[in-house]
Amino acid sequence: MRRLDRVDNADGHAHQLLPHAVGSRSMNASTKPVRIGVDIGGTFTDLQIFDARDGRIVAYKLPTTPEDPSIALVEGIKTAGRRYGFTLSDVGYLMHGTTIATNAVLERKLPAGALVTTAGFEDVLEIGRHYRREVYSIHPQPVPALIPRNRRFGFHERMRFDGTAERVPTEADIDAVITQLAAVDIETVAVALLHAYANSDHEQRLADRIRKALPRLDISLSSVISPEIREYERTSTTVLNALLQPVVRAYIERLGARMRAEAFAPHLLIVQSNGGVCTPATAAAEPARLLLSGPSGGAMAALELARQFDEPNLVAVDMGGTSFDVSVVRDNRLEIVTLSEIDRLPVRLPMIEIRTIGAGGGSIARVNAARQMTVGPESAGARPGPVCYSRGGTEPTVTDANLALGRLDAATFLGGAMALDRDAARAAILARAGDPLGFDTDAAAAGILRLTNTNLAAAIRVSLFEKGLDPRDFTMLSFGGAGSVHACAVADELGIRRIIFPVDASTFSARGVLMADIEHAFGRSGVRRFDGSAVAWVRSCFESLKAEGAARLEADGIAPDDRQFELSADLRYRGQAFELSVPWGEISLDDDGIGEIGLRFHAQHAQRFSYASPEDAIELVTLRLAAIGRMARPQISAEQPSHTDSPTAGRRSVYVNGQWQDVATWRRDAIRDSLEIVGPAIVEEDYTAVYVAPGWSLARGRDGHLVAVNNEELA
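Bear in mind that the values here come from a model prediction, so they are computed numbers and not experimental data.

## Some details on the packing of aromatic side chains
For step 1, the next point in the chain: Summed over the entire model, instances satisfying the criterion amount to eight aromatic pairs.
For step 2, the next point in the chain: Arranged with centres 5.3 Å apart and planes meeting at 55°, the rings of phenylalanine 578 and phenylalanine 609 form a pair that is tilted. Here phenylalanine 609 lies in helix α17 (residues 591-609) and phenylalanine 578 lies in the loop between β28 (563-573) and β29 (580-583), a separation of 31 residues in the sequence.
For step 3, the next point in the chain: Following the ring pairs from residue to residue traces out a cluster consisting of Phe44, Tyr389 and Phe413.
For step 4, the next point in the chain: Above the face of the tyrosine 691 ring, arginine 407 is positioned so that its terminal group lies 4.2 Å from the ring centre.
For step 5, the next point in the chain: The ring of phenylalanine 309 is capped by arginine 702, whose NZ or CZ atom sits 5.6 Å from the centre of that ring.

Below you can see the structure in the form of structure tokens.
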């Protein structure tokens with residue numbers, strides 16, 4: 001019988017679920033030379049591989065296998081090993097970013113679950129917040145409720161806001177809930193009781209009884225996954241976590257089985273939405289923390305590059321096959337939000353602030369009944385994919401338009417591993433977009449790209465404007481397989497004058513995954529006046545959260561010297577219904593420290609909302625702690641190897657500003673420090689291409705990254 005590790009569920013109890021080789025730290029993981037970062041997207045699976053024997057990073061990319069993403073992951077690592085000279089036994093760490101949780105929610109591929117909440121609050125999920133998103137819609141769409149009314153059960157108990165019990169549940173009350181749960185066909189249950197963040201006794205007591213009576217059920221408690229005020233957001237987060245537990249656990253088990261079949265036993269770590277990584281045990285117990293797992297890797301890589309280039313203000317854009325993700329580095333830091341959404345469902349967990357729209361290389365272009373062209377958000381995905389993939393796709397996509405206009409090379413796509421059908425792409429564009437609008441193929445394809453660029457620019461503009469920031473003050477960092485052919489046009493629309501195209505731009509998100517640290521996020525709500533009277537509570541809460549964080553890092557095998565604890569406070573003016581999170585940093589936990597944090601809050605409020613009210617009282621809402629386990633950073637060689645014997649330069653016909661032109665094409669690894677490329681031009685590498693637009697020039701920058709500059713004066 002194979003050994004199984006314990007998995008702490010989100011109810012704080014252990015279940016035996018994960019294979020030892022996958023879920024626990026290999027004793028010699030740190031001595032093995034190879035570390036792999038993996039970012040599994042909706043269309044492609046990206047790998048970046050660090051080999052300590054030569055200090056260099058190489059990249060590999062292959063189509064995602066939607067039926068089971070672990071297939072492409074393992075096959076990709078095996079193929080990359082044959083290509084770059086390593087074996088599975090050489091791999092010490094496998095850092096894994098995944099869209100499993102995100103896709104399960106977006107596609108509603110979730111198991112049946114139930115919700116137990118305080119009697120009288122069964123409809124919180126549907127009531128939500130009293131504001132309308134679609135102000136002018138005659139038929140507004142209701143907020144989706146993931147658990148139907150007949151599986152939401154009221155529990156006769158009541159906890160006050162201060163943690164004292166108003167009504168203690170009886171054994172009969174508990175038995176009634178268990179009877180209701182036993183009568184429905186479910187796999188998982190969410191328990192979200194009123195004010196459980198202040199006192200979790202009732203939730204824990206109920207969970208213990210459910211576990212004994214119905215051991216087959218997964219259980220998720222709000223007091224564990226999101227112990228914070230606001231019952232709607234806390235309940236929504238708990239429900240998402242509960243419904244994702246069977247999904248993520250099943251994936252990790254499939255991955256584990258596939259790895260065991262290959263005798264592949266690295267130390268596996270899963271990327272979270274906050275940019276840190278966690279063990280498979282934590283991922284299976286708290287899968288709601290994975291909802292931005294993939295995009296967060298790109299944001300972390302952007303932060304690293306911003307510091308490397310001394311670019312404190314950087315807008316990072318990641319355009320893959322399915323989505324377009326925008327993150328902002330400002331003053332050398334990423335913004336962490338404590339409340340986000342996925343498909344209008346609130347998630348009350350710390351996440352890197354990332355704006356995502358459905359715009360990628362696989363986004364489908366259509367003409368609607370009003371004879372208007374739309375692009376996205378629906379994507380052709382990996383299968384069937386764009387028409388040019390020759391896998392059964394019939395609707396033209398952004399990739400088809402780029403290929404049709406000469407910006408992509410049909411023969412060298414995906415490093416030559418996938419030949420594209422340009423004729424099929426052009427035929428589909430004409431039939432589905434050109435003929436309905438009265439355009440020829442070239443004009444229709446150009447229209448698809450113009451509309452796409454407008455959508456991309458709008459997403460960036462909103463991400464900056466809502467913070468009171470001007471795009472012209474930022475450098476753009478463009479990465480992802482589809483992004484670099486659009487970057488110059490999008491920058492032109494925004495007034496951005498400088499673009500960085502990083503090394504291995506197509507797999508750049510996997511670079512951030514490769515560099516991630518272990519991180520656990522904790523929060524504790526306790527609304528009170530933020531002045532000297534709060535010092536004792538802040539100190540007590542900090543010590544409690546720190547002890548909890550230290551215990552988690554100890555379980556992860558992180559040595560005390562590699563542990564770091566970062567405190568922050570969610571503050572607001574009294575009477576406000578929203579908070580700002582203020583990092584505590586090195587400030588002391590005393591009266592003077594409280595005063596300094598208050599001043600920082602006023603300054604941050606003024607920057608975000610253009611005003612501050614220093615005379616008004618400040619309230620502390622939630623204290624947060626990030627417990628970070630520092631991983632050894634790979635020592636990467638600045639010079640990366642060339643893997644091509646292709647000519648250094650060539651020419652091909654490209655559609656530029658309404659006409660076909662003979663344009664120079666360059667291999668990226670042929671660009672040296674002394675060379676300046678003036679647009680229009682194409683720079684190609686194995687997994688992506690850069691379109692240098694007219695008016696732009698491009699040169700090699702620090703550590704092999706390419707930098708493009710707009711040489712034209714803005715109007």
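Next comes the rest of the account.
## Focus: the confidence of the model for the chain
For step 1, the next point in the chain: For the chain, the mean per-residue pLDDT works out to 89, and 93% of the residues sit at or above 70.
For step 2, the next point in the chain: Counting interchain partners and residues more than four positions distant, the pLDDT-below-50 stretch residues 12-27 has 50 contacts.
For step 3, the next point in the chain: Here residues 643-647 is modelled with pLDDT under 50, and outside its nearest four sequence neighbours on either side it reaches seven contacts, counting other chains as well.

## Considerations on a nonpolar patch on the surface
For step 1, the next point in the chain: A surface patch of nonpolar side chains, amounting to about 280 Å² of accessible area, comprises Phe578, Phe609 and Tyr611.
For step 2, the next point in the chain: Exposure remark for phenylalanine 609: the relative accessible area of 33% places this residue in the partly exposed category.

## Some thoughts on the sheet that holds strand β8 (residues 152-155)
For step 1, the next point in the chain: Strand order in the open sheet made by the four strands is β8-β7-β11-β12, with parallel pairing throughout. Pairing within the sheet leaves two strands with one partner each, and these edge strands are β8 and β12 (218-221). On average, each strand axis in the sheet is tilted by 20° relative to the strand beside it, whichever way the strands run.
For step 2, the next point in the chain: By the bridge criterion, four bridges tie strand β11 (residues 188-192) to β12 in an arrangement that is parallel. Paired with valine 191 across the bridge in β12 is leucine 221.
For step 3, the next point in the chain: Here helix α5 (residues 171-182) sits on the sheet and contacts β7 (113-118), β8 and β11; the angle it forms with β8, its principal contact strand, is near 170°.
For step 4, the next point in the chain: Across the face of the sheet, helix α6 (residues 201-213) comes into contact with β7, β8, β11 and β12 while running at roughly 180° to β12.

## Comments concerning α17
Each full turn of the α-helix corresponds to 3.6 residues, which orients residues three or four apart in the same direction.
For step 1, the next point in the chain: In a regular helix each residue adds 1.5 Å, so 19 residues correspond to 27 Å; α17 covers 27 Å between its end C-alpha atoms and thus fits that length.
For step 2, the next point in the chain: Along α17, the residues that are buried comprise Gly593, Ile594, Ile597, Gly598, Phe601, His602 and His605.
For step 3, the next point in the chain: Measuring from the backbone nitrogen of aspartate 592 back to the side-chain oxygen at the start of α17 gives 3.2 Å, which picks out aspartate 590 as the cap.
For step 4, the next point in the chain: Residue serine 610 follows α17 closely and has a positive phi angle near 70°.

## Structural notes on the nonpolar core
For step 1, the next point in the chain: Counting 145 residues, the largest nonpolar core has Ile36, Ile460, Met476 and Leu698 as the members making the most contacts within it.
For step 2, the next point in the chain: A per-element tally of this core places helix α8 (residues 231-261) first, with eleven residues.
For step 3, the next point in the chain: Ranked by size, the runner-up nonpolar core spans 35 residues in total, among them Val271, Ala534, Leu580 and Leu623.

Scoring rules and cut-offs
- Residues numbered from 1 in each chain as written.
- Predicted model: local features only at pLDDT ≥ 70, side-chain atom pairs only at ≥ 80, totals over all residues.
- Heavy atoms only, no water.
- Phe/Tyr/Trp six-rings, centres within 6.5 Å; stacked < 30°, edge-to-face > 60°.
- Helix = DSSP H or I, 4+ residues; strand = E, 2+ residues; numbered from the N terminus.
- Lys NZ or Arg CZ within 6 Å of the ring centre and 35° of its normal.
- pLDDT = per-residue confidence, 0-100.
- Contact = heavy atoms within 4.5 Å.
- Patch = residues over 30% accessible without salt bridge, like charges linked within 9 Å, V, L, I, M, F, W, Y side chains within 5 Å.
- Areas by Shrake-Rupley, 256 points an atom, 1.4 Å probe, with all protein chains shown as cover.
- Salt bridge = Lys/Arg side-chain N within 4 Å of Asp/Glu carboxyl O.
- Buried < 20%, exposed > 50% of the residue type's maximum accessible area, 1.4 Å probe, protein only.
- Pairing = 2+ DSSP bridges.
- Axes fitted to C-alpha atoms, helices over the stretch in contact; angles between N-to-C directions.
- Expected span 1.5 Å × (residues − 1).
- Polar contact = N/O pair within 3.5 Å; in protein donor to acceptor, adjacent residues only side chain to side chain.
- Core = buried A, V, L, I, M, F, W, Y, C linked by side-chain atoms within 4.5 Å.

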